[in-house]
Amino acid sequence: MTTLVFGHTSPDTDSTGSPIIWAWYLNEIRKDPAEAVLLGEPNTEAAFLLQRWDLPKPRIIADVEPGQPVVIVDTNNPAELPKGINGADIRAIIDHHKLVGGLETKGPIEIRMEPLACTATILHKMIGADIAQAPEWLKATILTCILSDTLEFRSPTTTPEDRAVAEALAAELGLSIPDYAAEMFAAKSDVSAFSDAELLRMDSKTYEVGGKTFRVSVLETTSPETVLSRKASLMETMPKVATEDGADQVLLFVVDILNEQSTLLVPNDLVAQVAAKSFGADVGGADTIVLPGVVSRKKQIIPNLAL
C-alpha cells in the first residue's frame with residue numbers, strides 16, 4: 001500500500017517541499033511506494049517553488065482512511081493533521097517543532113526530531129550520501145525550504161547546520177542565495193489574490209494561552225505596507241474567522257523580512273493585553289504595534305504569549 005507523506009494544514013514551503021523530498025527518498029532509495037500529498041492549498045511561496053522547478057502540485061487530501069500508511073513531516077500536532085490521523089498507520093514522524101502529544105501509533109515507529117530551523121535540513125541529513133543521486137529539483141527544494149524557514153538566515157531559529165546545507169546546495173546548483181531568496185520573498189509577498197479570511201488562515205497555528213484559544217497568524221513579506229493597507233478589513237474579518245475556527249481571537253503578525261520586525265494588529269483590548277504581557281508593548285490606543293526583532297513564531301512569538 002502506498003505511504004502518504006504530508007505536513008501540516010495551511011501548507012507553507014517546508015510543509016509542501018518536505019513531503020516531496022521524503023516521498024522521493026522512499027520511492028527511489030528505499031523502494032517503498034510513497035506519494036507526497038498536501039493538507040490544503042500551498043501558499044504563494046510554496047507555489048513559486050513548484051512552478052520554478054516544474055514540479056507537479058501534490059494531490060490535496062482532506063482526511064485519511066483507517067489503516068492508511070502515513071509519514072508525518074514538519075509537525076507532530078494532531079490539531080494540524082487530518083481528523084482521522086489516529087486511525088491511520090503512522091510509520092514515521094520527522095519534525096523540528098516542540099513535542100505536542102496526542103498522536104497514537106499502531107506500534108513502534110521512526111521518530112526524528114531536531115532543533116533545526118527546517119524539516120528539510122533534517123531530511124537532508126537522513127538522506128545522507130544518497131543525496132548524490134538526487135535530481136537538481138530535489139536539491140533546489142531542500143534549499144528553498146531552508147531559505148524560507150530561516151528567512152534567508154535572518155530568523156533566530158537558524159542554526160549553522162541549516163546555513164551550511166543551504167550554502168552547499170546553492171553552490172552546487174549555481175544559485176546566488178540573495179538573488180534566489182529575493183525571488184522567493186517576492187512571490188510570498190504577492191497576496192493580492194487572497195481574501196482577508198484566506199490571509200488570516202494562510203500561515204496560522206492554534207494555541208491556548210491563559211484559557212483563551214488564539215489562531216496565531218504570521219504573514220512574512222518584503223512589502224508589509226501591502227498587507228497593512230488592508231488592516232481595517234482584516235480586523236473586521238478576524239471575529240468571523242475566530243468563530244468559524246473555534247478560537248477566541250486571531251492574532252496577526254505581519255513580519256517585515258528586510259527590516260526584521262513584526263507589526264501586530266490590535267483590534268481590541270484582549271489583543272492589547274496580549275501585546276503588553278507578551279512583549280512589554282504599550283499599545284496606547286493604537287490599532288497596530290511594531291515589535292522590533294520579532295520574526296519567528298516558533299521561537300519569539302509562541303513562547304512569549306501570555307495573558
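About the cut-offs
The written sequence of each chain sets the order in which its residues are numbered from 1. Side-chain atom pairs in this predicted model are given and counted only at pLDDT of 80 or more, local residue features only at pLDDT of at least 70, and totals for whole chains, interfaces and linings cover all residues. Each side-chain value is worked out from all heavy atoms of the structure, with water and hydrogens disregarded. Pairs of strands are assigned from DSSP output, requiring at least two bridges between the strands. Think of it this way: any DSSP run of H or I at least four residues long counts as a helix, any run of E at least two long counts as a strand, and we number them from the N terminus. For salt bridges, the criterion is a side-chain nitrogen of Lys or Arg within 4 Å of an Asp or Glu carboxyl oxygen. Buried, partly exposed and exposed residues are distinguished by accessible area as a fraction of the type maximum, computed with a 1.4 Å probe on protein chains only: under 20%, between the cut-offs, and over 50%, respectively. Where helices are involved, their axes are fitted lines through C-alpha atoms of the stretch in contact, as for all axes, and angles between N-to-C directions lie from 0 to 180°. Working rule for angles: under 35 degrees goes down as roughly parallel, over 145 as roughly antiparallel, 65 to 115 as roughly perpendicular, anything else as oblique. Note on contacts: a residue pair qualifies if any of its non-hydrogen atoms lie within 4.5 Å across the two residues. All residues other than Ala, Val, Leu, Ile, Met, Phe, Trp, Tyr, Cys, Pro, Asp, Glu, Lys and Arg, Gly among them, are scored as polar; the first ten of these are nonpolar and the last four charged.

Undergrad: I tried to follow the sheet that holds strand β1 (residues 3–6) on my own but got confused; where do I start?
TA: The strands that make up a sheet are held in pairs by hydrogen bonds between backbone atoms, and each pair lies either parallel or antiparallel. Ordered by their spatial adjacency, six strands build an open sheet running β3-β2-β1-β4-β5-β6, and the pairing between neighbours is parallel. The open sheet is flanked by β3 (59–60) and β6 (110–113), the only strands paired with a single partner. Examined bridge by bridge, strand β5 (residues 89–95) and β6 share four bridges and lie parallel to one another. Pairing of Ile93 across the sheet is with Ile111, part of β6.

Undergrad: When you look at the pattern of salt bridges in this model, what are you seeing that I'm missing?
TA: Note that side chains of opposite charge can pair when their charged atoms are close. In this structure the tally under the stated criterion is 20 salt bridges. Ionic pairing is found between Lys205 and Glu80, a salt bridge with its closest N-O pair at 3.2 Å. Of this pair, Lys205 sits in strand β7 (residues 204–209) while Glu80 sits in the loop between β4 (69–73) and β5, and the two are 125 residues apart along the sequence. Among the residues examined, Glu80 registers a relative accessible area of 7% and is labelled buried. Each member of the salt-bridge network shares a partner with another, and the members are Arg112, Glu114, Lys125 and Glu161.

Undergrad: Is there a simple way to explain the packing of helix α4 (residues 136–150) against helix α6 (residues 177–189) in this structure?
TA: Relative orientation and spacing of two packed helices are given, respectively, by the angle between their axes and the distance between those axes. Between α4 and α6, the least distance of the axes is 10 Å, while the angle of their chain directions is 70°. By the angle between their axes, α4 is roughly perpendicular relative to α6. Taken together, the residues of α6 that come into contact with α4 (itself represented by Ala140, Leu143, Thr144, Leu147 and Ser148) are Ile177, Tyr180, Ala181, Met184, Phe185 and Lys188. Its residues assigned to classes, the contact of α4 with α6 comprises eight nonpolar, two polar and one charged.

Undergrad: What should I look at first to understand the pairing of strand β11 (residues 288–292) in this one?
TA: On a regular strand, one side chain projects to one face of the sheet and the next to the other, so that they alternate. The alternating pattern of β11 places Ile289 and Leu291 on a buried face and Thr288, Val290 and Pro292 on a face that is not buried. In terms of strand pairing, strand β10 (residues 261–265) meets β11 through five bridges, oriented antiparallel. Bridge assignment links Leu264 to a residue of β11, and that residue is Ile289.

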